[in-house]
Structures are given as structure tokens and as C-alpha cells.
Amino acid sequence: MSQPKQNTPGYKYVLALAALGVVYGDIGTSPLYALKEAFHHGHNILADSQNVLGLLSLIFWSLMLVISFKYLAFILRADDKGEGGILALTSLITPISTKQDSEDEPNRLSKKRKFLIMLGLFGTALLYGDGMITPAISILSAVEGLSLITPVFSPYVTWITVAILVGLFSIQKHGTSAVGKIFGPVTLTWFIVLGLLGLSSIIQTPEILKAINPYYIISFFQNNMWHGFIALGSVFLVVTGGEALYSDLGHFGRKAITQAWFFVALPALTLNYFGQGALLLRTPAAIENPFFLLAPSWALYPLVILAALATTVASQALITGVFSITMQAVQHIYAPRLHIEHTSEKESGQIYVKNMNRFLMVGAIGLVFAFKTSSNLAAAYGLAVTTTMVITTILFYAVAREKWGWSRLVAGSLCGFFLIIDLGFWGANLLKIFAGGWFPLFVGIIGFTIMTTWNSGRKLLSLRMAEKVISLEIFLKDLDTKNPTRVDGTAVYLNRNMSLAPYALVHTFEHFKTVHRNLIFLSVSVSKLPKVKFSERSKVIDLGGNKFHVVLNYGYLELPDIPRDIRDLKFAGIKVDHSKISYIIGRQSLYATELPGMALWREKIFSLISRNEISATDYFKLPKDRVVEVGMQIEL
């Protein structure tokens, strides 16, 4: 069966179905526990009619205001050339033209702008912690649910969970589209079942529809005061996938994500939550497990199995979201070079990051062994996302003012409204910090430290390198004057800065007094565009005397392939044998010192990361048998 073509109705439906499977798995499984947790015994909230209507009204308006209004109507419009997520939002207020620009130009950003950048980076780092927690808690809760069928599984919950986690992360290499095609039908079936269960209960007790009136929210807080505020931490579980939804924008696009929400996810979730509320109005004792008690007894076993599958799917949104923000971090010099595979010819944002996939898998497995139960993990769940949501609102205000030209009144009123909601959820989740909420904060601090250290270290390295090199123009004039011995063949020197002589060339010439007959100085430029037209891919500048400067331009979603892209270039007066080109690159050995720059401990971290960064040979796809590395020692 042939695949639907891009931009055809068939392809759009397939993309929306895949988006449903990947993006809405987390939000879609919240009915399993959200309402039950809101009435948790520690909250001291009785399951009477007023509280049921109040909490249900909170859930309904949280879905409408946070997901439908804030994210789908506004936040998803703040994309960076199709890419979403908090790092993309940060880049909109700190435009970066190329890697060279970001490393070589002095930092003239205002204190306010630096503060916003730091907020964005911290929010990004927090998602890494949530990317480990979500798979762990989703699959662990699913496996624990199997115990409802038979207690035989109880002693093996941890090991079954680990096996499923390994399987889940193993299929990521096949790409978001393939994963979405597997998960999409499962999630669609899940949402249909959610809607049918809820509708059946609503028909029996239609008075539950009164909860649409936001008056019941006010009444709920008046009646419960502090305990009502604490319950917000559980109500937030219904919108936990909001930030992941934004991060997955580049995988599916705004239209597919919006269609999947309004046509499937939102109606099904609304019906199910109202159905649970209707059940509680009839039978308050059903609060022990209102979701499963919605189903007739004959449907319990298949429902538990379907729930187990759905909660496994729920972790996908964060996994793909982490892949997206990792790619953005690499492109914006906040992370070292990594292997990033584009898994779709149709959707450039669909990627797979092998190292990050392993990191998330190890982290999720470690959490399962450390926390042992989903109830224990629930304490760690939510704080990272709520903090990121607060930061997203603050950054969105800056984008609305600076990029879209909104007035202070309009931007301030809208973002102020969002902030009131975000801070309410954030405050309620902050109460969980000592029970497990510290974990995503710890991961966030580590990630923030690494990203800022890498970015500052690259700038410091550029300064140190500038002290060791000379002008390319002066060096070439000196070279012509000395008329050194020429070695047959062509040498390609990777050169970040077009105006400076590559240190590898200066170093080898000083030692051996020879140079290749043909010299090519090659610079790689990363555009703000996702892809660069083929006609704009390369530029050749003749420097005279069989010396050339080549600039290769790539979009930020494209992976460089230097041998492929210089193969068809024409060099005046010479014929290049591409099978015998020598690619000469500099390799730095970095040493932390007391010299002015960064703190000594940060310099050591930067040096360690640099040693483990993917080599230029692999990143630029250079033939290993034609690469010559020239070492240099640099004191930071």
C-alpha cells in the first residue's frame, strides 16, 4: 500500500493520527488518576456534590484555558521556522545567524535579555528531568494496573516495567512517524473508549453538565480554602502534556496537532471527566477508582489491558520533545555536537538522537528502581512542567512585544492572565518538593550548568584561538614571499573564521616548511532557515595562486556532508582528485587554568565534554582515511 503524498488530505489525516499517538498520550491517560488524586485522603476533600462539581469545573476550564487557549491558540504560533519548545521561544528573542556569529561576536546583550535567556535555558533543562519521569511513571502505573487482573504480576512489576522501557526506547530509532503509526491507532481507540464510557455515565446523570459553569470553581475554593489550593497539584495532572505538545511542534506542525486535539482528544477527555463526575454524584464511594468503575464488570479486563497500552504510549510526547530541544541546543551552541538523525523526508522536524535516547532510558530505569511505585514517583511529577510553563509565559510576553509588536496593555493582559493560572499550579506543585519534586529540579540545575558552561566555553575557546592565529591575508602573502616547497595534491582546511589562517596550517608550515599545491579553506555556515536551496548551498572565492575559500551553507535542520557538497564545485585552473583530498583539521587539547575566563571547575567540565564530543570527522562525514589531525594545546 502506497503512502499518502504530502499536502494531500490522506497524508494530513495520517499526520494528525500520528500526532494523536505521540503528542496526546500523556494528557490522554490523565483520566486514570487525576480526579481520584484530587480527592486524595491527604487533601481532606469530601466527594460530595459541591466538591465534585467544583473540581470537575477546574478540570474542564484547565483544559480549555491552558491547552486550547494558551498553547494551541497562542503559544504554538511562536515557532522558530516551524520548530517549537521553550528553547525555540528563547531563540526568537535572541536571534542567531550562524555558529560563527554566536562564537566570535562580543556579547552585547542587556541584563534583561540575559536574564530571559537564562530563564529559557533553565526551563529547557527542566524538561530533561521530566523526560525521564514521564516514561517511568506512565509505564510503572500501567504494569501496576495488571495486578487488577491477577496478583501473579505483583512481584515482577519492577522488572516488567524495565523490560517495557527498554522496548520503548529501542523503537525510537525507527523515527517519530513510524512510532506514531504504531501508537496512533492505540491512542485513537483509547480516546474512543474514554468518550463512550463518559457519555454513558453522563446520560444517567445529566446534571453533572452544570460543572461547565465556572461559578463552581469559586465555590470550591471558598469551601476548601487551603486544601483546595493543595488539590490544584492533582488537577494539574490533566494538562501535564502541554509543554511537550509545544516541543513536538516540529515533528507534526501546528495544524495536525490542533486537529487531533479539537476533533478527538478534547471531546473524549471532556466526556470522560464529566462521566466520572456523574458517577461520583450517584456513588461517592466510587472515588476509590472512578475511571475503572465507569466500565461494566465484563469490560474491566480489556479496559485494564488497553489502559496499560495507553499509558505506555503516554511517555512518547516527552521523548520526542527532548529530541527536539536537544537538536536546538546543538544548533544554538548550548550543547556539543551529537549524532542527530532525520527520520522523515516529509517532516524535517522528525529526528532521533541516539545519545539522548540512551540517557533518558538509563534515567527512567534508575527512577523505577529508586522510587519503586508510581505513587512515590507522582510526588516528583509536575514541578518541572509547571516551572517551564511559567517561564514560557514570561518569554512569550517578550516575543509578543518585540516580534509581533503588541502593546504593553494587550501583551501584559493576556500573559498576566496566563501567569495567574501558571503560578497557581506552580505553587501547588512546589509543596511536593521534599517528597520527590527535588529530582527534576536537580536534573534541571545540572542541565542548565552544562548548557551555560558549553556556550561560555566555546566563546572562551574562540578568544584563546584568536590569540594563536594570524590574518589569513597576511599569512598567504608571507607564504607567497617565501615560496615554500609544494606537495602535490589538494588540502582542505576546515576554517571557522574566514579572515583568520587555520591554526593547523600555520602549525604545520612552521614545522615542515611545506604546503600542498592546492589549498582550500572551508567554512561551514548554519542558517536560521530550516533548509537551504541547492543553488545557495556553496560559494567559491578564488584567492589566487591555487588557493580558494569555500563556504558551505546549511539550514539548521540539515546535517553537513562536506565531501558530497564540494564534489561538483569548480576551481579555476586546477583539477581536484576528490579521492585523494587531504582534510586537515585542528584538534585541541584543553587545559583548565587560573587565567581569566571561567571558573576553574567550569573549565574542567568544558574540557571533559569537549573530549567526548563527536569528532569533526564524523560530524562532517569526512572519509577517515583522508583526514589528518593536527593537535594543539590550549590553556583556558
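How each quantity is defined
Residues numbered from 1 in each chain as written. Predicted model: local features only at pLDDT ≥ 70, side-chain atom pairs only at ≥ 80, totals over all residues. Heavy atoms only, no water. Helix = DSSP H or I, 4+ residues; strand = E, 2+ residues; numbered from the N terminus. Contact = heavy atoms within 4.5 Å. Areas by Shrake-Rupley, 256 points an atom, 1.4 Å probe, with all protein chains shown as cover. Lys, Arg positive; Asp, Glu negative; His and termini not counted. Charge placed at Lys NZ, Arg CZ, Asp CG, Glu CD. Phe/Tyr/Trp six-rings, centres within 6.5 Å; stacked < 30°, edge-to-face > 60°. Buried < 20%, exposed > 50% of the residue type's maximum accessible area, 1.4 Å probe, protein only. Lys NZ or Arg CZ within 6 Å of the ring centre and 35° of its normal. Salt bridge = Lys/Arg side-chain N within 4 Å of Asp/Glu carboxyl O. Core = buried A, V, L, I, M, F, W, Y, C linked by side-chain atoms within 4.5 Å. Axes fitted to C-alpha atoms, helices over the stretch in contact; angles between N-to-C directions. Parallel < 35°, antiparallel > 145°, perpendicular 65-115°, else oblique. Left-handed = near helix turned anticlockwise from the far one by under 90°. Pairing = 2+ DSSP bridges. Expected span 1.5 Å × (residues − 1). Arc of directions from axis to C-beta. Patch = residues over 30% accessible without salt bridge, like charges linked within 9 Å, V, L, I, M, F, W, Y side chains within 5 Å. Nonpolar A, V, L, I, M, F, W, Y, C, P; charged D, E, K, R; others polar. Polar contact = N/O pair within 3.5 Å; in protein donor to acceptor, adjacent residues only side chain to side chain.

(A) Examining the overall build of the protein chain more closely. Of regular secondary structure, the protein chain possesses 25 helices and eight strands. Judged by the C-alpha coordinates and their principal axes, the protein chain covers about 95 × 55 × 50 Å. A separation threshold of at least 6 residues defines the contact pool for the protein chain, and within that pool the share at least 24 residues apart is 82%. Accessible surface, the protein chain: about 27100 Å² in total, of which carbon and sulfur atoms supply 62%. Between the mean site of the 55 positive side-chain charges and the mean site of the 41 negative ones, the protein chain shows a separation of 2 Å.

(B) Expanded view of the packing of aromatic side chains. According to the stated counting rule, one finds 24 aromatic pairs in the structure shown. Arranged with centres 5.7 Å apart and planes meeting at 70°, the rings of F69 and F418 form a pair that is edge-to-face. In this pair, F69 is assigned in helix α4 (residues 49-74) and F418 in helix α19 (residues 408-430), connecting sequence segments 349 residues apart. Relative to F571, the ring of F548 lies with its centre 5.2 Å away and its plane at 65°, an arrangement referred to as edge-to-face. Residue F548 is found in strand β6 (residues 547-554), and its partner F571 is found in the loop between α23 (562-566) and β7 (582-591); the two are separated by 23 residues along the sequence. The two residues F548 and F571 agree in class, both being buried. Through a chain of ring-to-ring contacts, three or more aromatic side chains come together here, namely F69, F74, F396, W404, W406, F417 and F418. A cation over an aromatic ring shows up here: K513 above the ring of F509, its NZ or CZ 5.8 Å from the ring centre.

(C) Region of interest: the pattern of salt bridges. Scanning the entire structure with this criterion turns up seven salt bridges. Here D478 makes a salt bridge to K482, at a shortest N to O gap of 3.2 Å. One end of the pair is D478 and the other is K482, both in helix α21 (residues 472-482) and four residues apart, which spans about a single turn. For D478, a relative accessible area of 31% corresponds to the partly exposed category. Between D618 and K624 there is a salt bridge; the shortest N-O distance is 2.8 Å. Residue D618 is classed as partly exposed on the basis of its relative accessible area of 29%.

(D) The arrangement of the nonpolar core in detail. Membership of the largest hydrophobic core comes to 145 residues, with the highest contact counts inside it found for Y24, I257 and W261. A total of 14 residues in this core trace back to one element, the largest contributor, which is helix α7 (residues 111-145). With near-sequence residues (within four places) excluded, W261 lies in contact with Y24, I27, L63, I67, S68, L72, L266, P267 and L269. Core analysis: the next-biggest nonpolar cluster, separate from the first, contains 22 residues, I614, A616, L622 and V627 among them.

(E) Molecular detail of the packing of α4 against helix α18 (residues 383-402). It is the contact of α4 with α18, at a shortest axis distance of 13 Å, that shows an interaxial angle of 40°. Regarding the angle of α4 to α18, the classification is oblique. In the packing of α4 onto α18, the handedness of the crossing is left-handed. Across from V66, K70, Y71 and F74 in α4, the residues of α18 making contact are M389, T392, T393 and F396.

(F) Main features of the sheet that holds strand β4 (residues 514-526). Across the sheet, six strands lie side by side as β5-β6-β4-β3-β7-β8; this open sheet has mixed pairing. Of all strands in the sheet, those bounded by a partner on one side alone are β5 (538-542) and β8 (627-635). Looking at each pair of strands side by side, their axes are set apart by 25° on average, direction ignored. With nine bridges connecting them, β7 and β8 associate as parallel partners. Following the sheet pairing, Q588 is matched in β8 by M632. Set on the sheet, helix α20 (residues 438-466) makes contact with β7 and β8; between it and β8 the angle comes to about 95°.

(G) Representation of helix α8 (residues 157-170). The end-to-end C-alpha distance of α8 is 20 Å, a good match for the 20 Å that 14 residues give at a rise of 1.5 Å each. Listed as buried for α8 are V157, T158, T161, V162, L165, L168 and F169. All buried residues of α8 fall inside an arc of 130° around its axis, so they share one side. The outward face of α8, more than 90 degrees from its buried face, is lined by the exposed residues W159 and A163.

(H) Layout of a nonpolar patch on the surface. A surface patch of nonpolar side chains, amounting to about 390 Å² of accessible area, comprises W438, F442, I446 and I450. For I446, the location among the structural elements is in helix α20.

(I) Structural context of the packing of helix α10 (residues 215-235) against α19. Look at α10 against α19: their axes get within 8 Å of each other, and the N-to-C directions meet at 95°. One way to sum up the angle between α10 and α19 is to call them roughly perpendicular. Touching F229, I230, L232, G233 and V235 of α10 are G424, F425, G427, A428 and N429, all from α19. Tallied by class, the residues present in the contact of α10 with α19 amount to six nonpolar, four polar and no charged.

(J) Examining the side chain of S30 more closely. Along the chain, S30 turns up in the loop between α2 (25-28) and α3 (34-38). Residue class for S30 comes out buried when judged on its relative accessible area of 0%. Sequence-distant contacts of S30, that is, excluding residues within four places in its chain, are made with L237, V238, T240 and Y273.

(K) Quick look at unusual backbone geometry. Positive phi, normally seen in glycine, also occurs at M225, with a value near 45°. In this structure, M225 sits in helix α10. Assessed through its relative accessible area of 58%, M225 is described here as exposed. For K513, which is not a glycine, the phi torsion comes out positive at approximately 55°.

(L) Inspection of the side chain of T490 at higher detail. Here T490 shows up in strand β3 (residues 485-494). Within polar-contact distance, the side chain of T490 engages the side chain of N518 at 3.2 Å. Beyond its immediate chain neighbours, meaning those up to four positions away, T490 contacts H516, N518, I520, V576, K580, I581 and S582.

(M) Up close: the environment of L188. Take L188: it is sitting in helix α9 (residues 176-204). What makes L188 partly exposed here is its relative accessible area of 29%. Ignoring any residue separated from it by four or fewer positions in sequence, one finds L188 in contact with L17, L20 and V264.

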